[in-house]
Amino acid sequence: MRVTEALRRKGSSVVTIAKDRSVRDLLALLAQHGIGAVVVSDDGAHVDGIVSERDVVRRLHSDGDGILDGTVAAIMTAGVHTCGPEATLDELMPVMTEHRVRHVPVLVDARLTGIVSIGDVVKHRIAEVQAERDQLTAYITGGR
C-alpha cells in the first residue's frame, strides 16, 4: 500500500506547533488530539522538526520540569525522516525500525501533506496477514 492510499483512508490532517511555543502548549496539543507526536512548523507547511511524548519524557528526566516553560525548539528533533506520497508502507517499516521513529511526515514539493505513524503501518500489516490467512484457509478447505 502506498502512503497516499493510507492518507486517503485515515485523513491527511497534521497537527503542528511553532518552535517558539512552550512545551506546556505542546503537551496540551498532544492531549487534545490524542496523538504521540507533533510536527514543528512555523507556517504549517514546512517541517522544522518533530517532537514526541518520548522527547518530553527524556528531557524531563535529564533536565527537570523547567523544560515545561521552555520552547519546543529546545527539545525537538531537527533531523526528521520524511517520505513522499508514492512511498510504500513496506518501505517505511525498515526506516522506522532502523531509526527508531514512530512518525514520518509526508512531503510533496517540500510541503507537509500528511503524516504516517507506526500504528498506520502495523494496521496495514495486520490486514495483509489476515488476508493471507483467509486465502490459505479457503485454499485448504477448497473454498468451503
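If you're wondering where the values come from, they're calculated on a predicted model, not measured in any experiment.

### Here's the deal with the layout of surface pockets
Piece 1. Counted as a void, the largest pocket has a volume near 360 Å³.
Piece 2. Taken together, 17 residues line the largest pocket, and the ones lying closest to its centre are Ser52, Asp55, Arg100, Val101 and Arg102.
Piece 3. Mapped onto the lining of the largest pocket, the elements with two or more residues apiece are β3 (49-52) and α3 (53-63).
Piece 4. Taken as a whole, the second largest pocket holds about 240 Å³ of empty space.
Piece 5. Lining the second largest pocket are 14 residues, with Lys10, Ser13, Ile35, Ala37 and Ile115 sitting closest to its centre.
Piece 6. At the level of elements, β2 (37-40) and β5 (111-117) are the ones that each hand at least two residues to the lining of the second largest pocket.
Piece 7. The biggest single contributor to the lining of the second largest pocket is β2, with 3 residues.
Piece 8. The residue makeup of the lining of the second largest pocket, split by class, is 7 nonpolar, 5 polar and 2 charged.

### A closer look at the UniProt feature "domain: CBS" (unreviewed entry) in the chain
Piece 1. The UniProt entry lists residues 7-66 and 76-132 under the feature "domain: CBS" (unreviewed entry), expressed in the numbering used here.
Piece 2. Annotated as 43% helix and 17% strand, the span residues 7-66 places its first and last C-alpha atoms 37 Å apart.
Piece 3. Helix makes up 46% of residues 76-132 and strand 23%. Its end C-alpha atoms lie 40 Å apart.

### A closer look at the environment of glycine 66
Piece 1. Mapped onto the secondary structure, glycine 66 falls in the loop between α3 and α4 (89-99).
Piece 2. Look at glycine 66 and you get exposed, because its relative accessible area is 52%.

### Focus: the sheet that holds β2
Piece 1. Strand order in the open sheet formed by 3 strands is β1-β2-β3, with mixed pairing between adjacent strands. Edge positions in the sheet fall to β1 (16-17) and β3, since each of these pairs with one other strand and no more.
Piece 2. Direction of pairing for β2 relative to β3: antiparallel, over a ladder of 4 bridges. Of the residues in β3, the one forming a bridge with valine 39 is isoleucine 50.

### Some points on a nonpolar patch on the surface
Piece 1. Residues Ile118, Val122 and Ile126 make up a contiguous nonpolar surface patch of about 220 Å² in total accessible area.
Piece 2. Within the secondary structure layout, isoleucine 118 lies in helix α5 (residues 118-140).

### Description of the pattern of salt bridges
Note on pairing: side chains with opposite charge can pair once their charged atoms come close.
Piece 1. All chains considered together, the criterion is met by 9 salt bridges.
Piece 2. Of the charged contacts in the structure, one is a salt bridge between lysine 19 and aspartate 42, with a shortest N-O distance of 3.1 Å. Of the two residues, lysine 19 sits in the loop between β1 and α2 (23-33) while aspartate 42 sits in the loop between β2 and β3, which places them 23 residues apart along the sequence.
Piece 3. You can call lysine 19 partly exposed: its relative accessible area is 30%.
Piece 4. On the basis of relative accessible area, aspartate 42 is assigned to the partly exposed category, the value being 46%.
Piece 5. Where salt bridges share partners, they join Lys19, Asp42 and Asp48 into one cluster.

Cut-off values and rules
Residues numbered from 1 in each chain as written. Predicted model: local features only at pLDDT ≥ 70, side-chain atom pairs only at ≥ 80, totals over all residues. Heavy atoms only, no water. 1 Å grid on protein atoms, 1.4 Å probe; cavity = no way out; pocket = protein on both sides within 12 Å on 5 of 7 lines; lining within 4 Å. Points joined across faces, edges and corners; volume = space filled by probe spheres on them. Helix = DSSP H or I, 4+ residues; strand = E, 2+ residues; numbered from the N terminus. Nonpolar A, V, L, I, M, F, W, Y, C, P; charged D, E, K, R; others polar. UniProt positions renumbered as here; feature names shortened; annotations may be inferred. Buried < 20%, exposed > 50% of the residue type's maximum accessible area, 1.4 Å probe, protein only. Pairing = 2+ DSSP bridges. Patch = residues over 30% accessible without salt bridge, like charges linked within 9 Å, V, L, I, M, F, W, Y side chains within 5 Å. Areas by Shrake-Rupley, 256 points an atom, 1.4 Å probe, with all protein chains shown as cover. Salt bridge = Lys/Arg side-chain N within 4 Å of Asp/Glu carboxyl O.

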